[in-house]
Every structure is written in C-alpha cells, then in structure tokens.
Protein chains: 2
Amino acid sequence: MDTPLNKIIEAARGLTPCDYLLQGGHVLNVFTRRFEDVSLALYGGMIVGVGERPANKVVNMEGCYLVPGFIDGHVHLESSMLTPDRYAAAVLPRGTTGVMAEPHEYANVVGIKVFDYLQRCARELPLNISICVPPCVPATNLEHSGAELTAQDIAACGNYANVVGLAEMMNYPGLLGCVPEVLAKLEALGENCHIDGHAPGLSGWDLQAYAAAGVSTDHECTTLAEAEEKLALGMYIMMREGSVAQDLEALAPLVNDINLERCLLVTDDREPEDLYFKGHMDYLCQKAIRLGVKPAHAFIMASWNVAKCFNLPKVGALAPGYMADIAVLQADDTSFKHGFTVKSVFKNGRLVAEDGHMVAEVPSIPLESMAHNTINIAPFKTEDLQIKVEEPGTYEVHVIGVKEGSLISDHLRMSLKAEEGELKSDLEQDILKVAVFERHKALGTRGLGFVHGLGIKGGAISSTVAHDSHNLVVVGDNDRDMSLCVEETKRIGGGLVVVSGGKVVASVALPICGLVADRTLEESAKSIQILHREAHKLGAKLARPFMSLAFMTLPVIPHLKLSDVGLVDVDKFAFTRLVAGRIG
Amino acid sequence: MDTPLNKIIEAARGLTPCDYLLQGGHVLNVFTRRFEDVSLALYGGMIVGVGERPANKVVNMEGCYLVPGFIDGHVHLESSMLTPDRYAAAVLPRGTTGVMAEPHEYANVVGIKVFDYLQRCARELPLNISICVPPCVPATNLEHSGAELTAQDIAACGNYANVVGLAEMMNYPGLLGCVPEVLAKLEALGENCHIDGHAPGLSGWDLQAYAAAGVSTDHECTTLAEAEEKLALGMYIMMREGSVAQDLEALAPLVNDINLERCLLVTDDREPEDLYFKGHMDYLCQKAIRLGVKPAHAFIMASWNVAKCFNLPKVGALAPGYMADIAVLQADDTSFKHGFTVKSVFKNGRLVAEDGHMVAEVPSIPLESMAHNTINIAPFKTEDLQIKVEEPGTYEVHVIGVKEGSLISDHLRMSLKAEEGELKSDLEQDILKVAVFERHKALGTRGLGFVHGLGIKGGAISSTVAHDSHNLVVVGDNDRDMSLCVEETKRIGGGLVVVSGGKVVASVALPICGLVADRTLEESAKSIQILHREAHKLGAKLARPFMSLAFMTLPVIPHLKLSDVGLVDVDKFAFTRLVAGRIG
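Every value quoted in this text rests on a predicted model; they were computed, and no experiment measured them.

Undergrad: Provide a residue-level description of the overall build of chain A, including the pertinent values.
TA: Helix and strand counts for chain A come out as 17 helices and 33 strands. Radius of gyration (C-alpha) of chain A: 25 Å, near the 25 Å computed for a compact globule of 584 residues. Taken along its principal axes, the extent of the C-alpha atoms in chain A is 90 × 50 × 45 Å. Buried residues in chain A amount to 64% of all 584 residues. Considering only contacts within chain A whose residues lie at least 6 apart along the sequence, 68% involve residues at least 24 apart. Of the roughly 19,800 Å² of accessible surface on chain A, a fraction of 48% belongs to carbon and sulfur atoms. Here chain A contributes 51 positive and 73 negative side-chain charges, whose respective centroids are spaced 3 Å apart.

Undergrad: Which residues make up the interface of chain B and chain A, and what are the values?
TA: Contacts between the two partners involve 53 residues from chain B, matched on the other side by 53 residues from chain A. Summed over both sides, the interface of chain B with chain A buries roughly 4,600 Å², with 57% coming from carbon and sulfur. Counting across the chain B and chain A interface gives six salt bridges. Put simply, Asp 206 of chain B and Arg 13 of chain A hold a salt bridge, and the shortest N to O gap is 2.8 Å. Where chain B meets chain A, there are 18 residue pairs in polar contact (both at pLDDT 80 or more). Put simply, the parts of the chain that give the side of chain B that touches chain A at least two residues each are α1 (5–12), β5 (46–50), α6 (172–176), α7 (180–186), α8 (204–212), α9 (224–232) and α14 (304–309) of chain B. Taken together, the residues of the side of chain B that touches chain A break down into 28 nonpolar, 12 polar and 13 charged.

Undergrad: Please give an account of the side chain of Glu 488 of chain A that cites residues and values.
TA: Topologically, Glu 488 of chain A is positioned in helix α15 (residues 479–492). Setting aside residues no more than four positions away along its own chain, Glu 488 of chain A makes contact with Val 497, Val 504 and Ser 507 of chain A.

Undergrad: Which residues make up the pairing of strand β12 (residues 194–197) of chain B, and what are the values?
TA: Residues and elements named next belong to chain B. Neither face of β12 is left uncovered, since the one carrying His 194 and Asp 196 and the one carrying Ile 195 and Gly 197 both have all their residues buried. Here strand β11 (residues 163–169) pairs with β12 via three bridges, running parallel. Within β12, the residue paired with Gly 165 across the bridge is His 194.

Undergrad: I'd like a rundown of the sheet that holds strand β6 (residues 55–60) of chain B, residues and numbers included.
TA: In sheet architecture, strand pairing relies on hydrogen bonds along the backbone and comes in two forms, parallel and antiparallel. Residue and element names in this part refer to chain B. With mixed pairing, four strands are arranged side by side in an open sheet as β5-β4-β1-β6. Each end of this open sheet is capped by a strand with a single partner; those strands are β5 and β6. When the angles between neighbouring strand axes are averaged without regard to direction, this sheet yields 25°. Two elements, strand β1 (residues 18–23) and strand β4 (residues 40–43), share three bridges in a ladder whose sense is antiparallel. Bridging from a neighbouring strand, Leu 22 pairs with Leu 40 of β4. Of the strands in this sheet, β1, β4 and β5 touch α1, which is tilted by about 25° from β5.

Undergrad: I'd love a proper account of the relation of the copies chain B and chain A, names of residues and values included.
TA: If you rotate chain B by 180° and push it 0.0 Å along the axis, it lands on chain A with an RMSD of 0.1 Å. In symmetry terms, the pair is related by a two-fold rotation axis. Minimal C-alpha distance to the rotation axis in chain B is attained by Asp 257 of chain B, lying at 3.2 Å. By residue overlap, the copies meet face to face through one surface: 100% of the interface positions of chain B are interface positions in chain A.

Undergrad: Residue-level account of the pattern of salt bridges, with values.
TA: Working definition: two side chains of opposite charge can pair if their charged atoms are close together. Counted under the stated rule, the structure contains 62 salt bridges over all chains. With a closest N to O distance of 3.5 Å, Arg 544 of chain B and Glu 271 of chain B form a salt bridge. A residue pair is termed long-range when its members are at least 10 positions apart, and Arg 544 of chain B in the loop between α16 (521–537) and α17 (545–551) and Glu 271 of chain B in the loop between β15 (263–266) and α11 (272–277) qualify at 273 residues. Each of Glu 220, Arg 240, Asp 247 and Asp 268 of chain A takes part in a single network of salt bridges with overlapping partners.

Undergrad: An account of unusual backbone geometry is needed here, citing residue identities and associated values.
TA: The omega torsion across Pro 558 of chain A and His 559 of chain A is 0°, close enough to zero to call that bond cis. Mapped onto the elements, His 559 of chain A comes out in the loop between α17 (545–551) and β30 (560–562). Positive phi values are uncommon outside glycine, yet Asn 311 of chain B reaches one of about 55°. Tracing the backbone shows Asn 311 of chain B in the loop between α14 and β16 (326–330). Residue Cys 513 of chain B is not a glycine yet carries a positive backbone phi of 65°. With respect to the helices and strands, Cys 513 of chain B occurs in the loop between β27 (503–509) and α16. Classification of Cys 513 of chain B as buried rests on a relative accessible area of 0%.

Undergrad: Any details on the side chain of Ser 409 of chain A? Residues and values, ideally.
TA: Along the polypeptide, Ser 409 of chain A turns up in the loop between β21 (394–401) and β22 (410–417). For Ser 409 of chain A, a relative accessible area of 2% translates into the label buried.

Undergrad: Tell me what's going on with the nonpolar core, and back it up with residues and numbers.
TA: Soluble globular proteins tend to pack their nonpolar side chains together in the buried interior. Phe 70, Leu 175, Met 239, Leu 265, Phe 299 and Leu 329 of chain B are the most contacted members of the largest nonpolar core, which totals 189 residues. The contact partners of Phe 299 of chain B, leaving out residues within four places of it in the chain, are Leu 28, Phe 35, Val 67, Phe 70, Cys 285, Ile 289, Leu 329, Phe 336 and Phe 340 of chain B. The next biggest cluster of nonpolar side chains, apart from the first, holds 187 residues, and it includes Val 99, Cys 263 and Val 399 of chain A together with Ile 9 of chain B.

Undergrad: Residues and numbers for the packing of helix α8 (residues 204–212) of chain A against α1 of chain B, please.
TA: Between α8 of chain A and α1 of chain B, whose axes approach to 8 Å, the crossing angle comes to 155°. The orientation of α8 of chain A with respect to α1 of chain B, classified from their angle, is roughly antiparallel. Taken as a pair, α8 of chain A and α1 of chain B cross one another with a handedness that is right-handed. Contacts between α8 of chain A and α1 of chain B involve Trp 205, Gln 208, Ala 209 and Ala 212 of chain A on the former and, on the latter, Ile 8, Ile 9 and Ala 12 of chain B. Broken down by class, the residue content of the contact of α8 of chain A with α1 of chain B amounts to six nonpolar, one polar and no charged.

Undergrad: I'd like a description of the packing of aromatic side chains, backed by residues and values.
TA: All names here are of chain A. For the coordinates displayed, the defined rule picks out 34 aromatic pairs over all chains. Here the aromatic cluster, defined as three or more aromatic residues joined through ring pairs, consists of Phe 35, Tyr 65, Phe 70, Phe 299, Phe 336 and Phe 340. The ring centre of Tyr 236 lies 4.2 Å from the NZ or CZ of Arg 262, which sits over that ring.

Undergrad: Explain the sheet that holds strand β30 (residues 574–576) of chain B to me, using residue names and the numbers behind them.
TA: Residues and elements named next belong to chain B. Spatial ordering of the open sheet is given by β28-β29-β30, a layout of three strands whose pairing is antiparallel. Of all the strands in the sheet, just β28 (560–562) and β30 have a single pairing partner and so form its edges. Direction aside, neighbouring strands of the sheet carry axes that sit 40° apart on average. One ladder, built from three bridges, connects strand β29 (residues 567–569) with β30; its direction is antiparallel. Among the inter-strand pairings, Val 568 is bridged to a residue of β30, identified as Phe 575.

Undergrad: Describe α15 of chain A, with residues and values.
TA: Residue and element names in this part refer to chain A. For α15, with 14 residues, the first-to-last C-alpha span of 20 Å sits near the 20 Å given by 1.5 Å per residue. The complete set of buried residues in α15 reads Asp 479, Asp 481, Met 482, Ser 483, Cys 485, Val 486, Glu 488, Thr 489 and Ile 492. Contact partners of the buried residues in α15: β23 (422–423), β24 (431–437), β26 (459–463), β27 (472–476), β28 (495–500) and β29 (503–509). Backbone nitrogen of Arg 480 and a side-chain oxygen of the N-cap are separated by 3.3 Å at the start of α15; the cap is Asn 478. Downstream of α15 by one or two residues, Gly 493 has phi in the positive range, about 80°.

Undergrad: Describe the confidence of the model for chain A, with residues and values.
TA: Mean pLDDT over chain A works out to 96, with 100% of the residues at or above the 70 mark. Across the whole predicted complex the pTM is 0.96, and at the interface the ipTM reaches 0.95.

Undergrad: Can you lay out the environment of Arg 53 of chain B for me, pointing to particular residues and giving the numbers?
TA: Along the chain, Arg 53 of chain B turns up in the loop between β5 and β6. Between the C-alpha atoms of Arg 53 of chain B and Ala 12 of chain B, which are 41 residues apart in sequence, the distance is 8.0 Å. Arg 53 of chain B has contacts with Trp 205 and Gln 208 of chain A together with Ala 11, Ala 12, Gly 14, Cys 18, Leu 21, Ala 41 and Val 48 of chain B, leaving out every residue within four places of it along the chain. A polar atom in the side chain of Arg 53 of chain B sits 2.8 Å from the side chain of Gln 208 of chain A.

Rules used in this analysis
- Residues numbered from 1 in each chain as written.
- Chains lettered and ligands numbered in written order.
- Predicted model: local features only at pLDDT ≥ 70, side-chain atom pairs only at ≥ 80, totals over all residues.
- Heavy atoms only, no water.
- Helix = DSSP H or I, 4+ residues; strand = E, 2+ residues; numbered from the N terminus.
- Rg over C-alpha atoms; globule rule 2.2 N^0.38 Å.
- Buried < 20%, exposed > 50% of the residue type's maximum accessible area, 1.4 Å probe, protein only.
- Contact = heavy atoms within 4.5 Å.
- Areas by Shrake-Rupley, 256 points an atom, 1.4 Å probe, with all protein chains shown as cover.
- Lys, Arg positive; Asp, Glu negative; His and termini not counted.
- Charge placed at Lys NZ, Arg CZ, Asp CG, Glu CD.
- Buried area = accessible area lost by both parts, 1.4 Å probe.
- Salt bridge = Lys/Arg side-chain N within 4 Å of Asp/Glu carboxyl O.
- Polar contact = N/O pair within 3.5 Å; in protein donor to acceptor, adjacent residues only side chain to side chain.
- Nonpolar A, V, L, I, M, F, W, Y, C, P; charged D, E, K, R; others polar.
- Pairing = 2+ DSSP bridges.
- Axes fitted to C-alpha atoms, helices over the stretch in contact; angles between N-to-C directions.
- Least-squares fit on C-alpha atoms with pLDDT ≥ 70 in both.
- Core = buried A, V, L, I, M, F, W, Y, C linked by side-chain atoms within 4.5 Å.
- Parallel < 35°, antiparallel > 145°, perpendicular 65-115°, else oblique.
- Left-handed = near helix turned anticlockwise from the far one by under 90°.
- Phe/Tyr/Trp six-rings, centres within 6.5 Å; stacked < 30°, edge-to-face > 60°.
- Lys NZ or Arg CZ within 6 Å of the ring centre and 35° of its normal.
- Expected span 1.5 Å × (residues − 1).
- pLDDT = per-residue confidence, 0-100.

Shown next, in the form of structure tokens:
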C-alpha cells in the first residue's frame, strides 16, 4: 500500500481523522454474511475502521447498502469492444472495481505485446486489473492466428506484477493427452500457480485428471450435476452469465451456506449492448437474487469469493485492512426483490462514480503498438470467392447449421444445384456462402463454405471478431457484396460491416486489433444497435447475427466450423471437403 | 511436485496403475463437508483419483474414516522438548502430517541460525513443516535473551523455502504505538505476507488497527464474544487447546456452517506428557467433537482451514491434485461420539504409521550448531543468592503469587521478618525465594524475588525453559539447594532439576538450547513424570510446577514477574524494587 503503516494505524485508532466516514448505511460483512448497521471509516485508500471515527468528511449513507466493489472473476475485456480505459469508465459506475482479465483475443492478434499494454492499464487505471495469461494461443493448428504464445512467452509473463495465473486451459484434450507443449505451458508460471479451467462436460476420470494437473476453476458448467461434480473435486464454480452463454439459471440452485465459498459470478463475454443496456456484475447479482440466491451470497460471489479464489490480497471485503473499494447500492429492502441501483462507487477510498456516471477522471492509456493496423489481407479478386465444380448437376455439400442462442453448429448435409459451373448461395433453402480470410499476415489463405439459418438476402455481413484467431469472416448471398465487405473492412482497419445491394449500409470500425474501438460504451452500444438493425433489414433471422459469425470460425466448438484453411469437422478435429459428392 | 505431470495425469485417467487404491472407506470431502463412501487412488505421492482405479496395491479400508492429515496451525515445537525429527516420529502416528512451526524459543536462544536447521528439517522429514518467523525476539527489553531477530534478520528469513509468514505479533502495544522497529518487522517479509496475531483481550478501535496493519489470525481468544469480534473483522480464529492454555470449551460454540471457514484448531504449546498420554491434533479433534462440533467440521478445522489460512498449496483435502497426506481413523460410527483411534497414516502417498507406531524411517537431522552448549552462566557463589537488609525488622515485599492452571501471577504484598540481616524463604507463609540467572552470555545478571503458592520444602527446583528469554529460573527454600540446581544445570547442559536436601534427586537434561532433549517422546514424557513425582515429594502444590516456573519469568503476562535483571511490574511494564518498605 502507498499509505505508510503508521498512518493507517493512527487513523484506525482514531488518533488522526479519517478521510471519510460513511455513516448510517447497511454494510455487508462477508465473514458473517450479514448486513450490519455500522459506519465505515476510510483513510489513505483503505478501510481502517468499522464504527464511528473522527473524520474530515462524513457521508450520509442512510438507506444504502454498502457491498465490496464487484470483481468479475473471468472476463475477456475485448468482448466489450472497449479499450480497458473506456471499459473502466463503463463498469465503475456499475459498481465493478476489479476484473480478472484474460486477453485471449488480443493475444491471438498481437501476441505477447498485449501484456505490456494491459500491465500499464492495470497500473494507471482506477480499476483492479488482474491478468490471467491465455495458454491456448492459437486455439488450434487448424487455422492461422496473428500470433502464438509459447511456454517461454508465458513464463516471461510471470514478471508482470498483475499476472496472477494461467487463464482457461481450453485445450483439455491436449492436457489429457499429455502433449508436451501443453504441459510445459501448465508449468510455465511455476508449480503452484493458479490455473483457470474451461472444460464443458468433462467428467469422471478425465475431469479428475484435469483437476490433478492443477486446474482449480471452471466456468463452463451448464447443469447442476456438472457443477456438483466439479465442486466436489474442490474446483471453484464460476457461474457465467455473459452475452454468449448464460448458465446462472441452471446453476443458482447450487448455492447454499456450505457451497457458497466455492461459487463465483463471472461474465466471460459481455458485449457492448448488454453492458450498456443491462449492466455488468450489478446485473448478474440482481439476476442471481431473482433466481433465489440470498442477496448477501450473491454479493459475496461477486467479490470476496473471487478474491479468495485468486488469492488477491486486501480486496473483496469491507473490513479494516482492505482497500476501500465499495459499491453503494439503493434498494427497497434487504430482500433486494425489486433489484437495486448503484448509487455511488468508491475506489481506493475515492468517490469515483455517482448515479451511474463517473465523477473521477479515468486516464487515457496510450495504445502504442496495440493500435497498429492489424488488417493485412492478401490481394484477391471477387472471382476467388467462386466455388467451382467440374460437371453440372446436384451436389451434396457440408453445411454449417446455425441456431438462435447457440454456439454449437449443426453439421448438415444439403443439396445444391450447380449453376454456371459454380455452387452458389441458395436463398430458397437459406443456404449462404461463407468465407474466412486470413487477415494477419497476408498469407492468402481462404476457407469457403456454406451456412444455413442466417437468412440474409441481397447483401453480406462480415466481422473481424471471429474466435479465436480473429480472421475475417463474411457471409452473403452474392460474391460482389461479400467482396465489398472485405474492402470496407480493410478501409476501416477492421470491424463489423453490413453491405446491401452493392453499398455499405452500416459499419462499426474496430481499429484496435480488429476487435476494439476507441469509443465510449454508449457510442459502441448504439453503433452496434444500428448495425443489427441494418442486418435485420437484410433478413437476418438471428437476434445477434454477428455473434453467430464470430463463433462460426471456432474449431473447438462442435460440430462444423470454417477456418481460413478450410472446413473443420470438429467431432473429428480434422478438415473435411466442402463437397460430399455429386448426387444427380 | 517431484512426480512428472504426465505421470500424474496418466494415473488419474486410469491409463497406468496407481500405487495404492484405498478401498471401501468413508472419505471426508472438505468441500461438501460430507463423508463419502469412495475409494482414493494414490500415485507418486499424490491423490489422483476419487473412485476405483487400476492399482498396484489395494488396501481395504472398510469401516475406516479417511480424513486429511492434521495440520497444527500454530505450535512451538520446543514445548514438546523434542527435536523436529523426534517430534515427527511422535505426531505422525497421531495423524499429524503438517505443522505451522514458530521457533520463538529456539530463536530467543540461538537467533537466526535456527532457520537453517528448521529448513533442513522441513526438507528432509516426512512432516510438512511450515515456518513462521517470530517478530518478538526478544519479547521485551526487560531481560537478557540469547539472541535478537532484527527486521533485517526477518527479511533474510524470507529466502527460506518453507517460511510462510510472520509469527505471532505479541508486541501489540508496540504495533499500536507505531514503534518504528516493530512496524519494520511487520513489513520485513513483504507487503502482503501472512502475519499471525497474538492479542489477548484486544478489542474495539485498537483491535481494528491491529487488523488494519495486516494481522490476520489470533490464537488468544478466551471468550466467545472476543472470538466473534475478531472473526467479524475477518481474522482466523485459532482455537487453542495446549498444555498451557485451553480455550476450546469456551470457543467451540462459535463453529457453525457459516463461521467454519475461519476457525482452526491449534495447540500452541503441547508438552511431552500431554503429547504422549493424550495426543496431538487427534486429541483436539476428539475434544472439539465432545464439545458439540460436528465431526466433519472438527477435521476441517484441523486440516483444510489451516491450509487456506496460510495459503498452503496442495494440502488439507482429499481430492485429485492434493498430496496424499491421510489420517485413517477408526470409530464406532459417523457421530464419533466415542472418539476415534488413528489406525494408519499416509504421508506423501507412503504408509508411514500404523496402530500408533511409525513403520517408516524418520531420518535423524544433524543438530550442528543447534547442539552447542548454550548454558553460559557467570561464576557465582551461594552467598550471591542472599537478599540482605540493613536493619532487622519486618519488611513488606512484593511477592509473585502463582495459581493452578494460570499463567497470570498475582502481584502480592506480604510481610517477611529479617533473619540474620537477610530476607529468606518463609515456609509457614509459603513464601519461597526465586532467582533468575542470565545463562546465555555469562553477563552475571541475576534477579531475586519471592513467590507464593508453590509449596516446596527442603529443596529447590529449576528450569532453563523460562519464557521467553529462557534464562535459568530456580525456586527453593534454601540457598544451598538452589545453588546446587544451578550447578547441576551447568553439568547437564541445561534442563530441569529437582534438588532435595543437598542432593539432585531428578533431572531432565535439555542440552539443545536448554529447551529440548535428543530423546524420544516416550523417554521424555516418562522422565518428566519422574521429575514431577520428585517435585511433588518436596511438597510442590501445583500439578505442573515447572510450567509455573517457565512462565514466572515472562514479563508480558500480568501481573508480577521476575527477569534476570529484576522484578517486573507488568502492569506498569517497568522494574519494581523487591522490598516495598520496612513495616516494623
């Protein structure tokens, strides 16, 4: 801490006045799990006292509920499409004072240099940013990413002050198969380092092997039984409620007096619209309470338990010796049954937000090498998008089937009639062409395929947010509009594009790594709204067509995906040919 | 861990046979807090599986209760009068597989060099020895100790692998008074290091200041209210049940589903007889259960909670990824209402004890510089013990009043009639002379005083175990026998002595620092029994007269104590003259 110990002690003893006395509120004690009607004395950024004290400033907290500032236990900041400084300004007024950040997306684009940037953000922003190093960059060898993180790179990350461990070990097949490079990564940050898990559906002996290897958390549980099995092995259960996956309803019944200490709330991925219109951890807490979790338990899962899980010192509780990171809530009563609003937020003992707005300055962190143009696509012609066949007739093709609210795609086999020596989109069957362009090193690799279920007519949509390698994915019913998407993406330096009838009708520039904009949350949320509106005008069937795009490229999620190298049969973890055969 | 990760994973997955399968027992799951009827698979020193597995050796555990090996959360190994290797051999058969050792007594005699020795013990013994560095050596400046630990010394201790934090910060007045040397010690091991507390009765703002300074545990609670106040501040409550202080009965009601995670069982001081005849942590668990603590809770307080409190990796639970440190218990049923016996013990996956006896070798750790003779008393004559007065008559003297079962002495004022120009012991009033000889550096300092309540006639008893500076304390009704105690102490290189009518009738040599013998627990316990018998023959009233001796010299416990420099009025934290005045 920056404040000398003697000053802390003197203020705690009431010998010198505190900076603030927050008086008259209901204060959550995470140790007794009760709200207590006491004052909190703050000095030098810390909580130094519970109860009255002489103070320079007394703040009336009557009717308010004071809880530890929220800490998101697992989040990819990139999914907010905000830089960390903009992110801090967006979530602090929501009561969030800390995040366990996993820069998986940044790292897939720019590699190890993201850590310099994030460490600087952590040092200078009024948000506690702890960093978990992603061990799976790239996620697979079935695609080209912008960068790689080797075991040596990961070991080097151990030198950053805010690195607290290894992030989600998604490559559990590699771990279970004892692939040497995978095990080297597990051990790169030292023998007893924190390792986050990511093991959807893993069970039995394999799950136990995963835990025995040192993995201590999981945020992929979707059923109570799965969570119970993992919890009984001592894993922390990160209950996820993000934009992409929502597991809280299924998992909330796990929380009771005994299990509480191993339950956390995390967002994983939270997109601009959700962050802006619904909220961050404040939203998760309210949802958990609606689902029957006791209010004190919900707040503890969003603060103290995260601190314990990651062994973060001096945060997560409102008690002497802890940082004064405080969310001040307004609610009708202790049941919180009508929800709550975040009235004000203290970070390091300083009032930083009031009534949903920042009142403290958030410094702007220079992007430096993060801002370099990362869109680097090899020259191509529209004709390169053609899928040619040698003979006329009807072909059976492998088609990616997408559905509302699911990252899992179906592996369909559908019939397409060749036209002019080509296989083209077929609007009647809702079969659209999809292409993935390598966009990091101008390698010129391109994957082509078909998708069913998107419903776009007379245009194309594209994105450089395309997990996990974040190549450029484009879907459309005609090559010309698809081609224009690519050109527009180049022009804006990466981002999301909607083209209709040969014209760009909407775009969101994401010039930072092709993932993030240097804009406020409000600006980002509203521009995404417009983008969605334009995509829906084209007939897009899904509520969030760009999310479907973003996960159509992720070859670790079943069943059929497309990378820049080709079509991937995820169940076989191998490439498959687009055309299954000629059937007539 | 020494076993390669791939081997662990393969054994966990059942691809290679485990070393042991412990089959058919009831296994405590510290996460669900339930006993579960499952097998445990051990490989390479670790638990790799819960449930069946192929194994090289299957052990039938039917009817047994398997719990994590006990970890004593706060113990001065010296009070066992055993070297750490002998200690390991003594407590492993009791189910203890780890200790948080605080070498306060050794350090007061030999200073920093004890850490080399303890670190070697930690490395080579089949007992997990974590070391907390004592911050209060010497305890006060009202006495001469053998050594000092400065803030620089403490910082240097941070380099030892097994040092986990700072031990009990007894000098809370110094902390609260912001004495620079005290604060420097608090910060010597780094900003967020673990700091054990020791703050009997501290409350309110001062207690909060103590917590704000980073102290996170306390083992001095004697009432429920005191423990509740400390727990609500987030402190871990170490419920102590030692030879000297027994707080479990008062504190057991604190334990419930919510508070459990902050409650620990610790012994603090456990002497040879108690260790041998009653037990170690096994005794504490049984006592806690008798006092109404749920069995699962008691075992968790004796293992998992200690691991969490000190952030010890990979111990304290029976789950994949944890060291295979296991106490196998036999009991009538899950209520444990008739207690239990420790049937066998596994340490690092190896069977080390069965039916109360070691079956594995415990290496003997060379004492090296620890074994040097530390008894170094300046030459003196029996006449030096005389307390002379210039005029005949009756004098009022300050007398230390001792009572059964209490470290707190009364500050009495009693009358003594001068005989032959001296104040002597007065058997009718049970007033005995007491002397404390500096014994580390032959400084020649000697404190003289009187004690009431010991009841010795026609002899003397002495000890070099005399908290916290461990000078030589001797009590008797005549100077000749007291003098012989001193001579015998020199001859045996430190220890406990009983002299009757000019003859040494019993002695226990403690040649290692004057604190510890190189003997087995059985030998030590039985020799202490003999010693006590001889002291009682002399008329000693207290059950454990040597314990009274050992604390008669501790000037941080109220009310009147004697150091080698003189009589200390603890309430004033200052020296006081022996003679209050002449009253007739």
